[in-house]
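# Descriptive analysis of the structure
The primary structure of each chain is shown beneath.
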Amino acid sequence: MNAEELDVEIRLADLVGESVVDGKGIRMTIFTQGCPHRCEGCHNPTTHPFEGGHQFTLRKITELIAKNPLLDGITLSGGEPFVWAKELAVLCRWVHEHNMNVWCYTGYTLEELNETARKNAGVEALLDETDVLVDGRFVLAERDLMLTFRGSRNQRVIDMKKTRESGAVTLLDL
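Residues numbered from 1 in each chain as written. Predicted model: local features only at pLDDT ≥ 70, side-chain atom pairs only at ≥ 80, totals over all residues. Heavy atoms only, no water.

Along the chain, His 37 turns up in the loop between strand S2 (27-32) and strand S3 (54-57). Given the relative accessible area of 15%, His 37 is considered buried. Separated by 2.8 Å, the side chains of His 37 and Glu 80 make a polar contact. The contact partners of His 37, leaving out residues within four places of it in the chain, are Glu 80, Gly 107, Tyr 108 and Arg 137. (Helix = DSSP H or I, 4+ residues; strand = E, 2+ residues; numbered from the N terminus. Buried < 20%, exposed > 50% of the residue type's maximum accessible area, 1.4 Å probe, protein only. Polar contact = N/O pair within 3.5 Å; in protein donor to acceptor, adjacent residues only side chain to side chain. Contact = heavy atoms within 4.5 Å.)

The structure is reproduced here in structure tokens:
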């Protein structure tokens, strides 16, 4: 990874230094700014506008991650992380180089993302750097507070390594 790649800026709504509810283990959760889905009942509606939030360099985010030796990985949330796919793929590559894992929450389904990835190298790169994908729009009518790591029954928690190996969507064993 070259140094200039980490100087790229992205717009974030927030960063949570330690979380145990946004994936397995202790994670830094990165809330991206901007979401095209605007799901009814979203628990992060302030992330919807694309002009909100604050600018961060990828370097600043990696510095924050590196300061916490307890982290198992990062979780990308939103907003919609795939709005920032190219930039976040660079961050995730850095995370993997530092022996941590990546969870990503998206309002898109894996099938939609795979279709987009055929034309968008950034989406393809972020999918390649994602270990667990929680996919699908939040559907208020399907909301279930008893679900692990997801908000509505239509959403899936996908083990991306096993999915890539098998060629079929493989859910994470929770």
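Before going further, it helps to spend a moment on the sheet that holds S3. What links the strands of a sheet is backbone hydrogen bonding, and the strands pair in either a parallel or an antiparallel sense. Reading across the sheet, the seven strands line up as S3-S1-S2-S4-S5-S6-S7 and stay open at both edges, with mixed pairing between neighbours. Bordering the open sheet on either side are S3 and strand S7 (156-159), each of which pairs with just one other strand. This sheet shows a mean twist of 30° between the axes of neighbouring strands, independent of strand direction. Where strand S4 (residues 73-77) meets strand S5 (residues 101-105), four bridges bridge the pair, whose relative direction is parallel. Along S5, the bridge assignment pairs Gly 73 with Asn 101. (Pairing = 2+ DSSP bridges. Axes fitted to C-alpha atoms, helices over the stretch in contact; angles between N-to-C directions.)

Of note, the bond from Gly 78 into Gly 79 is cis; its omega dihedral lies within 30 degrees of zero at 10°. If you check the backbone angles, Asn 99 has positive phi at about 60° while not being a glycine. With respect to the secondary-structure elements, Asn 99 resides in the loop between helix H2 (85-97) and S5. The exposure class of Asn 99 is exposed, given its relative accessible area of 74%. A positive phi is found at Phe 149, a non-glycine position, where the angle reads about 60°. Structurally, Phe 149 is set in the loop between strand S6 (132-135) and S7.

Structurally, Asp 72 is set in the loop between helix H1 (58-66) and S4. Along the primary structure Asp 72 and Val 95 are separated by 23 residues, whereas in three dimensions their C-alpha atoms are 9.8 Å apart. In contact with Asp 72, not counting residues within four places along its chain, are Lys 24, Gly 25, Ile 26, Arg 27, Met 100 and Asn 101.

Here we come to the packing of aromatic side chains. A full pass over the atoms with the stated rule returns one aromatic pair. Residues Trp 103 and Phe 149 carry aromatic rings whose centres are separated by 5.1 Å and whose planes lie at 70° to one another, so their mutual orientation is edge-to-face. Of the two residues, Trp 103 is situated in strand S5 and Phe 149 in the loop between S6 and S7; the sequence distance between them amounts to 46 residues. Judged by relative accessible area, Trp 103 falls into the buried class, the value being 3%. (Phe/Tyr/Trp six-rings, centres within 6.5 Å; stacked < 30°, edge-to-face > 60°.)

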